[in-house]
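Spelled out, the chains give:
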Amino acid sequence: MTLRLSLVQLDYTVGDFDGNAQLMAQAVAAAGPADLIVFSELSLSGYYPADKLDLPAFRAGQARALEQLAALSRQTHAALAFGMATPNQGPGKPWFNSLVVLQAGREVLRYHKQLLPDYDVFNEQRHFEPGPRQPAVLELAGVKVGFLVCEDAWHDATGLYERDPAQDLRDAGAQMVVSINASPSSVGKQAQRDGLFTALSRRLQLPLVFVNQVGGNDSLVFDGASFVVDPAVGVVARLPWFEPAQEGLVFEPGRGFSSEAGILATPLALPELNDSRFYYQQILLGLRGYLRKIGVRSVVVGCSGGIDSALTLALARDALGAENVQAVTMPSRVSTAGSVSDSVDLCRNLGIALHEFPIAPLVEAYGTGFQAAFASELAGLSLENLQSRVRGTILMAFSNRHGPLLLTTGNKSEVAVGYCTLYGDTNGGLNLIGDLYKTEVFELSREFNRIHGAEIIPEAIITKEPSAELAEGQRDSDSLPPYPVLDEILKWHIEGEALRPQELAAATDFVERLMQEAGGAETVARVQQLVARAEFKRRQAPPILKLRGRAFGAGWQMPVAAR
């Protein structure tokens, strides 16, 4: 008994049924002699279709793509296993999240996902009905293959479910398990998957295949990183991180997996990738996918001479090429000389165009008009925010006139506490660094220079004291705790149990020690209050690429009108 497998991780576009089917057809053509070709969860529609499931066009488009795959399966020996939404003809939600296997033009297996996640960024219970407790086992090339869909295999990790679909496969006589997934990426996620699925494989005493998708869909980024586990060895094969890939393997009961190099009997460690390098790769993939899928090719960024806009520009340049990135510097009466000169140096290093649009005349005109209309002077916060909003308006006008997407530049620390101006520096269509704390922005900026072996982001930008430069002598530290303090409080407050164990321990210990210091409890309470009061700003902000365990957006659902 020898089962030839082809594992396929692809970059699907949500709702592009014809395009997704074409990608799958190309993979089938490239699979060579295979008995089973495995795609990922909801591969026909892309993950996650959300309320597109309610549109009549969804049913028609998916049915058309299914016909294309059925015709394709008549032309190949291999069985095709993939994910799709299938209609629920009984009571409950209108759809099942299903795995379908086609062979020789006909459907030989249909399995409905049993465990539907409804936490963090997931909302599958809004659209899908849980499948019945019915293990899916199909004999292919003499091997009994059991099938699961993503959350069905996460029983041990969440503790949320009474059912254990993986154990049911073991009890039903499966000789190996194939799990199709749409597992979003975040820092530390692959280590979590490795540990979870290695433990599951050993608990079941069954080999396990994990197939994921790759690419950016809105704020989520899928890292691929599909892998294979042998219960006696651990992870024995991996597909690449952050890129489409296809891998052929052979499985023999009693012998395990093999490739062209022979039996896979050596455990594979995780690729060495520090946090900053991980963020770099994920942001590049997320930006490329976002632009391609909305049909935009270029971006513009307001360049303040500060580290956040500098890092955003640098990442955009690497993702899209210098010819597709433009910067605008908009000095005001209170801007320092470095805000322009550092911007010039940065953009020269990156090879991107820099436009200059001084805003002092516009701000002065606003002030004159405001005094005439309301008999009061623009001063203090109203004047500071006006400068930011003038800049935001200029950037949006540039975007409207020339077509590039405006990238906003707020980091997670600032977004968390509302240290940003609504309709000003929050303007834009996507935020690349909004899930990076300020301390991580510094780390990634230095890592960017190490990646390129040169001082691309000028040291003067990295070392200058952070400032919004909306008032004379203004510094972030005038309004906020020092960022090393603020960031640990925010990790503890916002992410909590979503942190990696070592991060959670460090943040908890830091906050507990801070609370024992004079004024520490007040600092923690003030930060929590700032986070709560800024919720209305986050509701109106652009999507943020998810990089960490809990990001603002779908994974953070807080009321605005609350105490």
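Source: prediction; values computed, not measured.

Conventions adopted
- Residues numbered from 1 in each chain as written.
- Predicted model: local features only at pLDDT ≥ 70, side-chain atom pairs only at ≥ 80, totals over all residues.
- Heavy atoms only, no water.
- UniProt positions renumbered as here; feature names shortened; annotations may be inferred.
- Helix = DSSP H or I, 4+ residues; strand = E, 2+ residues; numbered from the N terminus.
- Contact = heavy atoms within 4.5 Å.
- Phe/Tyr/Trp six-rings, centres within 6.5 Å; stacked < 30°, edge-to-face > 60°.
- Buried < 20%, exposed > 50% of the residue type's maximum accessible area, 1.4 Å probe, protein only.

Peer 1: What should I look at first to understand the UniProt feature "binding site: ATP" (unreviewed entry) in the protein in this one?
Peer 2: Mapped onto this numbering, the UniProt entry annotates "binding site: ATP" (unreviewed entry) at Gly-302, Cys-303, Ser-304, Gly-305, Gly-306, Ile-307, Asp-308, Ser-309 and Thr-409. The greatest C-alpha distance among the annotated residues, which extend across 108 residues, is 12.0 Å, indicating that they converge on a single site. Among the structural elements, Ser-304 can be located in the loop between strand S17 (299-302) and helix H7 (307-320). Those residues in contact with Ser-304 that lie beyond four places of it in its chain are Ser-309, Ser-339 and Ser-343. Within the secondary structure, Gly-305 is located in the loop between S17 and H7. What Gly-305 contacts, discounting residues up to four positions off in sequence, is Ser-339, Asp-342, Ser-343, Ile-461 and Lys-464.

Peer 1: Would you mind going over the packing of aromatic side chains with me for this structure?
Peer 2: Enumeration over the complete set of coordinates arrives at 18 aromatic pairs. Note on Tyr-47 and Tyr-48: the rings are 4.9 Å apart at their centroids and 55 degrees apart in plane angle, and the pair reads as tilted. The class for Tyr-48 is buried, based on a relative accessible area of 19%. Here the aromatic rings of Tyr-47 and Phe-222 are separated by 6.1 Å at their centres, their planes lie at 80 degrees, and the arrangement is edge-to-face. You can see Tyr-47 sitting in the loop between strand S2 (36-38) and helix H2 (56-73) and its partner Phe-222 sitting in strand S11 (residues 220-223), a full 175 residues away along the chain. Of the residues examined, Tyr-47 reaches a relative accessible area of 3% and is grouped as buried. Members of the aromatic cluster, connected to one another through ring pairs, are Tyr-47, Tyr-48, Phe-128 and Phe-222.

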